[in-house]
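Results of the structural survey
Residues per chain are reported as follows:
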Amino acid sequence: MTILHFAIIAVCAYLLGSLSFAIIVSKVTLGKDIRDYGSGNAGLTNAYRTMGAGKTLFVLLGDIAKGAAAVAIGMLLAGPIGKLTAGIFVILGHMFPLYFGFRGGKGVLVGAVMLALFDWRVFLIALVLFLAAVFATRWISLGSILGAISFPISTFFFYHDQVLTAMAFGMAAAVVFMHRSNIARMLNGTENQFSFKSKKTIESTGKDEKGTDA
């Protein structure tokens with residue numbers, strides 16, 4: 001991968017990642033900022049909890065599309081390393097969106113899209129760990145953390161490539177870092193458990209009490 005290819009991939013992926021669809025959907029459809037409600041996080045879980053399934057579907061589709069577009073650019077320009085490079089920067093854009101004051105989500109969904117497009121085996125391992133943890137504890141954050149941790153381990157197992165493994169480790173570390181408050185709450189036994197019931201608190205006039213999400 002040349003420096004030019006790296007720059008193009010990094011800039012395109014970051015700008016795509018900065019399209020925070022949780023914020024966009026909440027502002028376009030409700031005239032409100034999702035970061036003022038629920039956990040204050042511009043992520044899929046908080047979108048579902050505060051806006052309901054219908055609006056969250058648009059968030060889901062938008063975040064999948066931006067992740068897929070970024071990875072496609074990376075693959076086109078630089079192959080597997082390009083895909084991981086795009087993954088790093090689309091996640092950074094999602095976490096620290098240029099267009100929304102650098103306050104975004106925690107990169108779980110976008111990271112999952114990148115994994116699925118990078119290697120279905122790596123994605124499947126992360127997905128199984130995620131589902132097992134959520135099923136056992138109903139903590140979305142724990143499933144997200146375990147799935148992230150599995151990424152560099154699976155990458156090394158399947159590829160035995162130090163560069164790819166280091167890049168995977170960097171992405172995993174970023175996701176775990178963004179969940180540091182969730183880790184503290186899990187250790188204290190105060191982390192919220194996921195429920196399929198949506199409160200749609202963003203549609204009310206007042207701000208909801210701060211909670212937790214992934």
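Structure shown above.
The sections below set out a description of the structure shown in this document. Since the model is a prediction, treat every value here as computed from it, not as a measurement. Numbers given to residues run from 1 along each chain, matching the order in which its sequence is written. Given that the model is predicted, a residue must reach a pLDDT of at least 70 before its local features are reported, and side-chain atom pairs must reach 80 or more before they are shown or counted; all residues, however, enter totals for whole chains, interfaces and linings. Side-chain figures throughout are based on the complete set of non-hydrogen atoms in the structure, without hydrogens or water.

Like charges are joined within 9 Å and nonpolar side chains (Val, Leu, Ile, Met, Phe, Trp, Tyr) within 5 Å, but only among residues with over 30% relative accessible area and no salt bridge; these make up the patches. Here the accessible surface of atoms and residues is derived via Shrake-Rupley with a 1.4 Å probe, and residues count as covered only by protein chains that are part of the display. The salt bridge definition used is simple: a Lys or Arg side-chain nitrogen within 4 Å of an Asp or Glu carboxyl oxygen. Nonpolar side chains collect at one region of the surface, where Val11, Leu15, Leu92, Phe96, Leu98, Tyr99 and Phe102 lie side by side and expose about 590 Å² of accessible area between them. Only runs of H or I of at least four residues qualify as helices and only runs of E of at least two qualify as strands under DSSP, and these elements are numbered from the N terminus. Counting through the fold element by element, Tyr99 comes out in the loop between α4 (53-95) and α5 (108-118).

To continue, consider the pattern of salt bridges. Evaluation of the coordinates by the stated rule reveals four salt bridges. The salt bridge involving Asp33 is made with Arg35; its shortest N-O contact spans 2.7 Å. The exposure class assigned to Arg35 is buried, which follows from its relative accessible area of 7%. With its nearest N and O atoms 3.3 Å apart, the salt bridge here joins Asp63 to Lys66. Pair noted here: Asp63 and Lys66 are both in helix α4, with a separation of three residues, about one helical turn. Residue burial is assigned from relative accessible area. The probe radius is 1.4 Å, only protein chains are included, and a residue is buried under 20% of its type maximum, exposed over 50%, and partly exposed in between.

Let's shift gears to the packing of α5 against helix α6 (residues 120-137). Between N-to-C directions, angles span 0 to 180 degrees; the directions come from axes that are lines fitted to C-alpha atoms, helices contributing only their stretch in contact. At a closest axis distance of 5 Å, the pairing of α5 and α6 adopts a crossing angle of 140 degrees. As far as their axial angle goes, α6 and α5 are oblique. In this structure, α5 meets α6 at a crossing whose hand is left-handed. Seen from α5, the contacting residues are Ala112, Leu115, Ala116 and Phe118; seen from α6, they are Trp120, Val122, Phe123 and Ala126. Relative orientations are named as follows: roughly parallel for angles under 35 degrees, roughly antiparallel for angles over 145 degrees, roughly perpendicular for angles from 65 to 115 degrees, and oblique for any other angle. The crossing is said to be left-handed when, going from far helix to near helix, the turn is anticlockwise and less than a right angle, and right-handed when the turn is clockwise. Two residues qualify as a contact provided that any one of their heavy atoms is within 4.5 Å of a heavy atom in the partner residue.

This brings us to the environment of Ile153. Mapped onto the elements, Ile153 comes out in helix α7 (residues 140-159). Using a relative accessible area of 56% as the deciding quantity, one classes Ile153 as exposed. For the pair formed by Ile153 and Asp119, sequence separation is 34 residues and the distance between their alpha carbons is 13 Å.

The next thing to look at is the environment of Ile140. Relative to the assigned elements, Ile140 resides in helix α7. Once the C-alpha coordinates of Ile140 and Gln193 are considered, the two residues, 53 residues apart in sequence, prove to be 7.4 Å apart.

Another point: the packing of aromatic side chains. In this scheme Phe, Tyr and Trp rings, the latter by its six-membered ring, pair at centre separations within 6.5 Å, and the angle between planes marks the pair as stacked below 30 degrees, edge-to-face above 60, and tilted otherwise. Applying the stated rule across the entire model yields five aromatic pairs. Ring geometry for Phe6 against Phe89: centres 5.8 Å apart, planes inclined by 80 degrees, an arrangement best described as edge-to-face. In this pair, Phe6 is assigned in helix α1 (residues 3-17) and Phe89 in helix α4, connecting sequence segments 83 residues apart. Note on Phe6: relative accessible area 37%, which makes it partly exposed. Judged by its relative accessible area of 21%, Phe89 is partly exposed. When the centroid spacing of 5.1 Å and the interplanar angle of 80 degrees are considered together, the rings of Phe157 and Phe158 count as edge-to-face. Given the relative accessible area of 26%, Phe158 is considered partly exposed. Taken together, the ring pairs connect Phe118, Phe151 and Tyr159 into an aromatic cluster. In this scheme, Lys NZ or Arg CZ marks a charge over a ring once it lies within 6 Å of the ring centre and within 35 degrees of the ring normal. Just above the ring of Phe158 sits the side chain of Arg121; from NZ or CZ to the centre is 4.2 Å. The ring of Phe177 has Arg180 lying over it, and the distance from NZ or CZ to the ring centre is 4.1 Å.

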